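Listed below are the residues making up each chain.
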Amino acid sequence: MLALVRREWKEGNMDEQRSRKPLAWRSRAGGALAAVVLVAGGGLGATAWASAPAPRHAEKSDSATVQRLADTEEIRQLKARYFRYLDTKEWSKLAALFTAHPTIDVGVKYTSGKELAENTAKLLGAAPTAHQGFLPEITVKGTHASAIWAMEDYVSFPPGSSYKEGFHGYGEYHDTYARINGHWYIDSSVLTRFRVDSVPNWTPPAKADK
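Residues numbered from 1 in each chain as written. Predicted model: local features only at pLDDT ≥ 70, side-chain atom pairs only at ≥ 80, totals over all residues. Heavy atoms only, no water.

Engineer: I would appreciate a short explanation of the pairing of strand β4 (residues 144–155) in the present structure.
Structural biologist: Residues in a regular strand point their side chains to alternate faces of the sheet. Covered by surrounding structure in β4 are Ala145, Ala147, Trp149, Met151, Asp153 and Val155 only, the residues His144, Ser146, Ile148, Ala150, Glu152 and Tyr154 on the alternate face being uncovered. In the sheet, strand β3 (residues 129–141) pairs with β4 via 11 bridges, with the strands oriented antiparallel. Paired with Glu137 across the two strands is Ile148, which belongs to β4. As paired elements, β4 and strand β5 (residues 165–180) share 12 bridges and run antiparallel to each other. (Buried < 20%, exposed > 50% of the residue type's maximum accessible area, 1.4 Å probe, protein only. Helix = DSSP H or I, 4+ residues; strand = E, 2+ residues; numbered from the N terminus. Pairing = 2+ DSSP bridges.)

Engineer: How should I be thinking about the layout of surface pockets in this particular structure?
Structural biologist: If a probe the size of a water molecule is rolled over the atoms, the empty space left behind becomes visible. Put simply, the largest pocket is a space of about 480 Å³. Forming the walls of the largest pocket are 20 residues, and the residues nearest its centre are Val106, Thr120, Leu123, Phe167 and Arg193. When contributions to the lining of the largest pocket are tallied by element, the ones reaching two or more residues are α2 (56–88), α4 (113–124), β4, β5 and β6 (183–200). Sort the elements by how many residues they give to the lining of the largest pocket and α4 lands first, with 5 residues. Looking at side-chain class alone, the lining of the largest pocket contains 14 nonpolar, 4 polar and 2 charged residues. (1 Å grid on protein atoms, 1.4 Å probe; cavity = no way out; pocket = protein on both sides within 12 Å on 5 of 7 lines; lining within 4 Å. Points joined across faces, edges and corners; volume = space filled by probe spheres on them. Nonpolar A, V, L, I, M, F, W, Y, C, P; charged D, E, K, R; others polar.)

Engineer: Before we go on, may I ask you to explain the sheet that holds β3 in this structure?
Structural biologist: Adjacent strands of a sheet form backbone hydrogen bonds with each other and so pair up, either parallel or antiparallel. As summarised here, the arrangement of the 6 strands in space is β2-β1-β6-β5-β4-β3, forming an open sheet in which the pairing is mixed. Taken across any chain shown, the strands that pair with only one partner, and hence form the sheet edges, are β2 (109–110) and β3. Note: β5 against β6, 16 bridges, orientation antiparallel. The partner of His174 across the bridge, within β6, is Val190. Here α4 sits on the sheet and contacts β1 (98–105), β2, β3 and β4; the angle it forms with β1, its principal contact strand, is near 55 degrees. (Contact = heavy atoms within 4.5 Å. Axes fitted to C-alpha atoms, helices over the stretch in contact; angles between N-to-C directions.)

Engineer: Even after reading the chapter, I still don't get the side chain of Asp175, so can you show me in this structure?
Structural biologist: Residue position: Asp175 is located in strand β5. On the basis of relative accessible area, Asp175 is assigned to the buried category, the value being 2%. At 2.8 Å, the side chain of Asp175 and the side chain of Lys79 are in polar contact. In this structure Asp175 touches Lys79, Ala145, Ser146, Ala147, Trp149, Ser188, Ser189 and Val190, once residues within four positions along its chain are discounted. (Polar contact = N/O pair within 3.5 Å; in protein donor to acceptor, adjacent residues only side chain to side chain.)

Engineer: Looking at this structure, I do not really get the environment of His183. What am I missing?
Structural biologist: Considering the arrangement of structural elements, one finds His183 in strand β6. Those residues in contact with His183 that lie beyond four places of it in its chain are Glu74 and Ala178.

Engineer: What exactly am I supposed to notice about the packing of aromatic side chains here?
Structural biologist: Here the distance between the centres and the angle between the planes together describe a pair of aromatic rings. Summed over all chains, the structure comprises 6 aromatic pairs. Centre to centre, the rings of Tyr82 and Phe83 are 5.3 Å apart; their planes meet at 75 degrees, and the pair counts as edge-to-face. A relative accessible area of 5% means that Phe83 is categorised as buried. Each ring, one from Phe83 and one from Tyr173, has its centre 5.7 Å from the other, and the planes form 70 degrees; the classification is edge-to-face. (Phe/Tyr/Trp six-rings, centres within 6.5 Å; stacked < 30°, edge-to-face > 60°.)

As structure tokens, this is what we get:
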């Protein structure tokens, strides 16, 4: 009798173990499937997040920043040409840098770029000059802009001039600009000098004939 009870207990225990194995396999399989779904879902979510288009306000902000940087660079080059044309005596190009009715005050007031160029040409002739502008503070607002430029210049006057000495000056320009038909022009320019030192007029030696 005791042997029969032990045999029945073993058989029942074995049946219970066999019945548990499929449940355990199904549990592990279900867990693995859930993990796959979570990973796949996360991957799809990450992909969707990474490829989502930028908000429109961000695109507009980026576009405005790029335009402002482009405008700032064009204004830098505009003022650089102003200084260069003064020293290379390219008077018609100097005049073309201004709007049609600018305000110009460089110690003498002018009402056009052409008037500035013609009078400066008469005053300086071919005498050597050196004009520099640097450390610009440029503010762009749509089609208008303003800037403050530190400046330094070294000016000689030609032989026969009423100015017996040249000068070495330091100061700053306060400018405004206007963008017209996609290009920037000087709309006003006011020069303030902080210091002026007298220097001898200098005439460069004549170039030897080749």
